[in-house]
Amino acid sequence: MAPSKTSQPTQSNAVLSLWKAYNENTSTRLKSVDAFLVFLMLSGIAQFLYCILVTNYPFNAFLAGFASCVGQFVLTASLRAQVNPQNRSEFKEVSPERAFADFALGSIVLHFFVYNFLG
Amino acid sequence: MTATTAYQVPANLSPTTVANTSSLLRIVALALISGAAIASRLFAVINFESIIHEFDPWFNYRATKVLASEGFYAFWNWFDPTAWYPLGRVVGGTIYPGLMATSGVIYSALRAVHLPVDIRNICVLLAPGFSALTAWATYMFTKEMKDESAGLLAAAFIGIVPGYISRSVAGSYDNEAIAIFLLMFTFFAWIKAMKTGSAFFGTIAALFYFYMVAAWGGYAFITNMIPLHALALILMGRYSSRLYVGYSSWYAVGTLASMQVPFVGFQPVRTSEHMAALGVFGLLQIIAFAELVRSHVSSKQFQTLLFASVIGLGLLGTAAIVGLTYKGWIAPWTGRFYSLWDTGYAKKYIPIIASVSEHQPTAWPSFFMDLQFLIFLFPAGVILCFKQLRDEHVFVIIYAIVASYFAGVMVRLMLTLTPVVCVTAAIAFSTLLDTYLNPEEPEAIDEAPKPEASTSAVAPDTSSAPTKKQKKAAPPPAGSTLAELVTKAPGTSKRKTGVFGLDTRLLVVANAIGMLVFFVWHCTWVTSNAYSSPSVVLASSNPDGSQHIIDDFREAYYWLRQNTAEDAVVMSWWDYGYQIAGMADRPTLVDNNTWNNTHIATVGKAMSSSEEVAYPILRKHDVDYVLVIFGGLIGYSGDDINKFLWMVRIAQGVWPDEIQEPNYFTRTGEYRVDDQAPQTMKDSLMYKMSYYRFAELFGGNQPTDRVRGQQVPKTGPTLDYLDEAFTSENWIVRIYQVKKEDPLGRDLKTANAFEQGKKRKRTKPSPRRKAIA
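None of these values were measured; they are calculated from a predicted model.

Some thoughts on the domain arrangement of chain B
Residue and element names in this part refer to chain B.
Phase 1: The assigned domain composition of chain B is domain 1 (174–333), domain 2 (552–740) and domain 3 (745–773).
Phase 2: The distance between the C-alpha centroids of domain 2 and domain 3 comes to 26 Å.
Phase 3: Facing 7 residues of domain 2, the contacting portion of domain 3 comprises 4 residues.
Phase 4: Of the roughly 470 Å² buried at the junction of domain 2 and domain 3 (both faces included), carbon and sulfur atoms supply 48%.
Phase 5: By the criterion of area lost to domain 3, the three top residues of domain 2 are D720, Y721 and K739, representing 73% of everything that side buries.
Phase 6: Run the count over domain 2 and domain 3 and you get 0 salt bridges.

Here's what the structure looks like:
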C-alpha cells in the first residue's frame, strides 16, 4: 500500500479499520500463516538490500536465497488462499488437506532447486 | 419428455456400462493413435535405413554418444577441441542437454534390464516414441477445452499431421522431437493449474517447463504465452485466486528451475524476453494483496485509493524494468527476436540467420501441405472457443493468434502452430459430429416430426454415439438410462435447434468421414514423399522404377575418416560441420552452431576470394582439406554454388572492402556460372573447386551444369594451391588437399608452372621471390 500524504487523517483511519477488520475476521491459523508470510517478506527484503548495498557477487547464491523466499512466499500465499474459508467456492477441487499436500510438494521441489543453485 | 430421436438408442444400458465401455474405447483409441503416430514416422527407416538425418541431429547424436560412453559428468564438462578449430567449443555449457539426457536415461534403463540396444537406434527412434506421448498430451489438453471425443480427434490429428511429422520422423534426432510433447504437456498442466487453482499442477507445469528449457530454445514461447494468458485474464476482469495460485507456483518454481540449465543461466532475470513473465508475476502479487485488503474493508474511499495504488505500482514496476534495460542491467531484445517482428531485419543485420532455409517466411502452399483440411477448420474452432470463452478458451485463442503470426514469419515455427491447429480443428470437428450424431430431434414447429425407426441403417452409428456426445447438453430420450448420463450437463428441457431426419445426418457424417479419409491419405503421401528423406542418403529412381541410393556423403566422409590424419583440419561451409565431425571425426573450422560470425565469415572469405588470397587464410588456420558440395553433375540443388551468395554476403559483412556481392553477378545482374560469369566469380576458390576437371567428364562435348541448367566453359579452371584429393561417385562431395609451401620458397603458382614445363622462359622476378621467402 502507498498511503498518500494528502489525506493523512482519513488514511490512518482506514488503515486502523483495516487492521481491526483483519484482527476480527481472521482465524488464528491464517494469522500464523500470515506471520510466516511477513517473515519471508522481511527475509527477502533483507537479502535484496544486501545484494544492492553490499555485493551481488555469488549471484547464483543470491538468486537461490531470494527465490527461496519469494517461492516459499507465493506457495504459502497459495496455501493461505486455498484454505481460506472465504474462498471455498473458488477451490472446489482442492480440500485443505490436498492444499497442504500441494504446498509440501511445491516446497520440496522449490528447495531442491534452491539447494542445487546455491553452488 | 416428448422429444423424438432420429435413430434408436439402446435404452437398457446401465450408466456404469456406458462409462466403462467408453473409457475402454478411449484407451483402445489412444493406443491405436500412438501406434499410427509411431508407424507413420518409420517410412525413413523402411525406405532407407536406421540412420541419423540431416545436420543438427548429427551433433546431438555425437553428444549422446559421449554421454552414453563417458557418463554424465564428462558430458557436462565436455570441451570439444575439434569444433571451431582452433577455438574449440565448450559443449556442456552451450547446448540444451534435455534431448541427450533423455536418450541417456533410456539407454541406461534398457541396459539395466539387460537389453543392450545400440545408442544409435535409441536416437533414431526417440522422435517417433515421443510423438505418441505428444498425442496423449494433446488429448489431455483438448479434453480440458471440450471433451474426450474432441481430445481423441486432436490426438489423432497431431499423431499424423505432416506439420509435426516434418520434424519428428525416425532419425530426425533434434530438440523438437521431444519439445512438442513438453510444450503440450506444460500447457495442459498450466490449464489444469489455472482451472482448479492447484499448486500441484502448478508445480508439475514448472517441472515440465524446466524439462522444456533443458530441451529446446523455443521454451521462450511458453515463457511468454502463459504470462500473456494471465494478463489477458486480468484485463478481462477474470482475476481469481485460482489464477494466482496457478501462476505463482508455476513462475516461482519454474524460473528458478530454468536457471539450472547452464546455457540459460541468469537470462530469466536479465533479458527482456523473460521480463513479461516477471512483470505479470509482480502484478499478480499486487492484485492478490489488494483483493485481500478489499475483503476486509468495504470503505469506498479506501477501495478507490487501493485501485489507484495498484495501478501506480504497476506503472512503477514497468518503469523499473524499462529503466534497468536502459542502464544495461537487463539485456534488450536479441537480434533473433527482432527478426520475428521485422522480417527484413535478419537479412540486413544478421545474414547468418537469414541464410538458413528454415528461417525464411512461410509460403502459402505449405500451410495446406502441412495441415491439409485442418487449416480450414482452424478458424471455425477458434470461433467456437469464442462462443464459450471460458478461461481456458482464452488461452487457445491467444495461442492461435500468436502462433499463426509466427508461423507466417518463419517456416520453422509452423511447428508451434501445428498443435493449436489440431486442437481447434478437433473442437470444430467434434462439435460437427456432436450435432449430427446426436439422436435428438428438435421440437417441431408446425407438425410432428416423423418418427424415424430405421434401425437397420443406423446400426453402426449407435455404438459410437454414446462416447461421442457424453457431455452434450441435450434433453434425454424418455426413460432411457443412457439419457441420464447425457444430462450431466445442465440442459434446458427442449431443444429449439437441431437436425431433422436421418438423411441429413448421414450426408454430413459421410462427408466428414470422407474428409478424414482424405486427410489420412494426404498425410501418408506427404510423409512418405516429402519428409522422410534423411538428406544424408539421397534416393533417385532407376529407369525401371526401382530405387537407386546415392550415398556420396557417407562415401566421402568415410574416405576422410580412413585416409587422412586424425588431426587433419577440414574446412567446409558451416552446414556440413556437424556431419564432418559426426561421420568423419575430423576437426572442422565452423559448424552448425554458428556462434562465431567472424569465423564463419573467414571461411566465407576464403571460399569467395581467389586462390592467392585464400591460401594464406587456409595456411593460417592449419587447414589440410577443403570440402565442397557440388551438385552440377547429378542435379543436386542444395549444393555450395547455390549457397555461395550467402558466403559472399556473410564475408562482406566483415570485410566490406575486400568482398563485394555485386562482383559476383554479371553486368545484367544475373548469377551465372557459364562463360559469361564475371571474373571474380571464375577466380573464386569455390567456383574453381566445384568445376575443377568437370569438363573432362564430357569428353570434349559441351559440359552442362544440371542444377543451374547452364553450359560451363570447355576449359575448366586450374588449381595451383590445392590438389584434388577425392571426388565421390556422383561428384556431390569433392575434397581438396591444401598444398604445403613450396620447399624452394617459390610461390606455388610459379612452382606449378615450372613442374609443367610451361613458361620456363618467363623467369620469376627475384624481388618477389624474396618477399615470399
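On we go from here.
What to know about the packing of helix α21 (residues 391–409) of chain B against helix α22 (residues 414–437) of chain B
Residue and element names in this part refer to chain B.
Phase 1: At a minimum axis distance of 8 Å, the contact between α21 and α22 shows a crossing angle of 140°. At the point where α21 passes α22, the crossing takes the left-handed sense. Residues V396, Y399, A400, A403, S404 and A407 of α21 touch α22, and the partners they reach there are M414, T416, L417, P419, V420 and T424.
Phase 2: In the contact of α21 with α22, the residues fall into 9 nonpolar, 3 polar and no charged.

A look at the confidence of the model for chain A
Do not read the fine detail of predicted coordinates wherever pLDDT is low.
Phase 1: With 90% of its residues at a pLDDT of 70 or more, chain A shows a mean pLDDT of 85.
Phase 2: In this model residues 1–7 of chain A is a low-confidence stretch, pLDDT under 50, and it forms 8 contacts with partners more than four residues away in sequence or in other chains.

Observations concerning the interface of chain B and chain A
Phase 1: Contact with chain B, which involves 39 residues of that partner, is made by 45 residues of chain A.
Phase 2: Carbon and sulfur atoms supply 72% of the area that chain B and chain A bury against each other, a total of about 3,300 Å² over both sides.
Phase 3: In terms of surface lost to chain A, no three residues of chain B exceed L256(B), Q260(B) and H296(B), which account for 18% of the buried area on that side.
Phase 4: Along the contact surface separating chain B from chain A lie 1 salt bridge.
Phase 5: We note a salt bridge from R242(B) to E90(A), for which the minimum N-O separation is 3.9 Å.
Phase 6: The interface formed by chain B and chain A includes 7 residue pairs in polar contact (both at pLDDT 80 or more).
Phase 7: Sorting the residues of the side of chain B that touches chain A by element identifies α10 (199–215), α12 (241–258), α13 (267–270), α14 (275–296) and α15 (300–327) of chain B as the ones contributing at least two each.
Phase 8: The greatest single-element share of the side of chain B that touches chain A, amounting to 10 residues, is contributed by α12(B).
Phase 9: Partitioned by chemical class, the residues of the side of chain B that touches chain A number 23 nonpolar, 14 polar and 2 charged.

Section: the packing of aromatic side chains
The description of an aromatic ring pair uses the distance of the two centres, along with the angle that the planes make with each other.
Residue and element names in this part refer to chain B.
Phase 1: Using the criterion set out here, one finds 62 aromatic pairs over all chains in the structure.
Phase 2: Ring geometry for F200 versus F201: centroids 5.2 Å apart, planes at 75°, classification edge-to-face.
Phase 3: F200 sits in the partly exposed class, given a relative accessible area of 29%.
Phase 4: Within the aromatic cluster, the residues linked to one another by ring pairs are F130, W136, F181, F185, F188, F200, F201 and F208.
Phase 5: The positively charged end of K605 is found above the aromatic ring belonging to W655, 4.7 Å away from the centroid.

Things to note about the nonpolar core
Residues and elements named next belong to chain B.
Phase 1: Residues F141, F187, Y247, L374, L417 and F553 are the most contacted members of the largest nonpolar core, which totals 245 residues.
Phase 2: Shared between two domains, this core holds at least three residues of each, these being domain 1 (174–333) and domain 2 (552–740).
Phase 3: Residue contacts for Y247: discarding those within four places in its chain leaves W190, I226, P227, A230, A277, V280, F281 and L284.

Points about the UniProt feature "transmembrane region" (unreviewed entry) in chain A
Residues and elements named next belong to chain A.
Phase 1: The feature "transmembrane region" (unreviewed entry), as annotated in UniProt, sits at residues 35–55 and 99–118 in this numbering.
Phase 2: Annotated as residues 35–55, this span is 90% helix and 0% strand, and its ends, taken at the C-alpha atoms, are 29 Å apart.
Phase 3: Overall, residues 99–118 shows 100% helix and 0% strand. The separation of its end C-alpha atoms is 28 Å.

Examining a nonpolar patch on the surface
Phase 1: Together, V38(A), M41(A), L42(A), I45(A), F48(A), L49(A), Y50(A), I52(A), L53(A) and V54(A) make up an exposed nonpolar region whose accessible area comes to about 1,000 Å².
Phase 2: Tracing the backbone shows V38(A) in helix α2 (residues 28–53).

Notes on helix α20 (residues 374–388) of chain B
All names here are of chain B.
Phase 1: Its 15 residues place the ends of α20 21 Å apart at the C-alpha level, agreeing with the 21 Å of an ideal helix rising 1.5 Å per residue.
Phase 2: When α20 is considered as a whole, its buried residues turn out to be L374, I375, L377, F378, G381, V382 and C385. End-on view of α20: buried residues confined to an arc of 150°, all on one side of the axis. In this structure, α20 carries F376, I383 and K387 as exposed residues pointing more than 90 degrees from its buried face.
Phase 3: Buried positions along α20 lie against α7 (148–160), α19 (364–371), α21, α22 and α25 (503–529).
Phase 4: Where α20 ends, the next residue or the one after it, L389, has phi of about 50°, a positive value.

Topic: the pattern of salt bridges
Residue and element names in this part refer to chain B.
Phase 1: All told, the structure shown has 29 salt bridges over all chains when counted by the stated rule.
Phase 2: Of the charged contacts in the structure, one is a salt bridge between E661 and R649, with a shortest N-O distance of 3.0 Å. Placement of E661 in the loop between α30 (640–654) and α31 (679–683) and of R649 in helix α30 is noted, with a sequence separation of 12 residues between them.
Phase 3: What makes E661 buried here is its relative accessible area of 17%.
Phase 4: Residues joined by salt bridges that share partners form a network here, namely E144, K192, K195, R390 and E392.

Quick word on unusual backbone geometry
All names here are of chain B.
Phase 1: Cis peptide bonds are those with omega within 30 degrees of zero, and the linkage from Y85 to P86 qualifies with 0°.
Phase 2: Residue placement: P86 occurs in the loop between β1 (79–80) and β2 (89–90).
Phase 3: Phi is positive for H114, close to 60°, though the residue is something other than glycine.
Phase 4: Considering the arrangement of structural elements, one finds H114 in the loop between α5 (98–112) and α6 (119–145).
Phase 5: Take H114: its relative accessible area is 68%, and that puts it in the exposed class.
Phase 6: Positive phi, normally seen in glycine, also occurs at L389, with a value near 50°.
Phase 7: When you line up the elements, L389 lands in the loop between α20 and α21.

Section: the packing of α20(B) against α22(B)
Residues and elements named next belong to chain B.
Phase 1: Their axes nearest at 7 Å, the elements α20 and α22 cross at an angle of 70°. Comparing the axis directions of α20 and α22 gives the class roughly perpendicular. Of α22, the residues touching α20 (which contributes L374, I375, L377, F378, A380, G381, V382, L384 and C385) are L417, V420, V421, C422, T424, A425, I427, A428, F429 and T431.
Phase 2: When the residues that make up the contact of α20 with α22 are grouped by side-chain class, the tally is 16 nonpolar, 3 polar and no charged.

Quick notes on the rules
- Residues numbered from 1 in each chain as written.
- Chains lettered and ligands numbered in written order.
- Predicted model: local features only at pLDDT ≥ 70, side-chain atom pairs only at ≥ 80, totals over all residues.
- Heavy atoms only, no water.
- Domains from an automatic or database assignment.
- Contact = heavy atoms within 4.5 Å.
- Buried area = accessible area lost by both parts, 1.4 Å probe.
- Salt bridge = Lys/Arg side-chain N within 4 Å of Asp/Glu carboxyl O.
- Axes fitted to C-alpha atoms, helices over the stretch in contact; angles between N-to-C directions.
- Helix = DSSP H or I, 4+ residues; strand = E, 2+ residues; numbered from the N terminus.
- Left-handed = near helix turned anticlockwise from the far one by under 90°.
- Nonpolar A, V, L, I, M, F, W, Y, C, P; charged D, E, K, R; others polar.
- pLDDT = per-residue confidence, 0-100.
- Polar contact = N/O pair within 3.5 Å; in protein donor to acceptor, adjacent residues only side chain to side chain.
- Phe/Tyr/Trp six-rings, centres within 6.5 Å; stacked < 30°, edge-to-face > 60°.
- Buried < 20%, exposed > 50% of the residue type's maximum accessible area, 1.4 Å probe, protein only.
- Lys NZ or Arg CZ within 6 Å of the ring centre and 35° of its normal.
- Core = buried A, V, L, I, M, F, W, Y, C linked by side-chain atoms within 4.5 Å.
- UniProt positions renumbered as here; feature names shortened; annotations may be inferred.
- Patch = residues over 30% accessible without salt bridge, like charges linked within 9 Å, V, L, I, M, F, W, Y side chains within 5 Å.
- Areas by Shrake-Rupley, 256 points an atom, 1.4 Å probe, with all protein chains shown as cover.
- Expected span 1.5 Å × (residues − 1).
- Arc of directions from axis to C-beta.
- Parallel < 35°, antiparallel > 145°, perpendicular 65-115°, else oblique.

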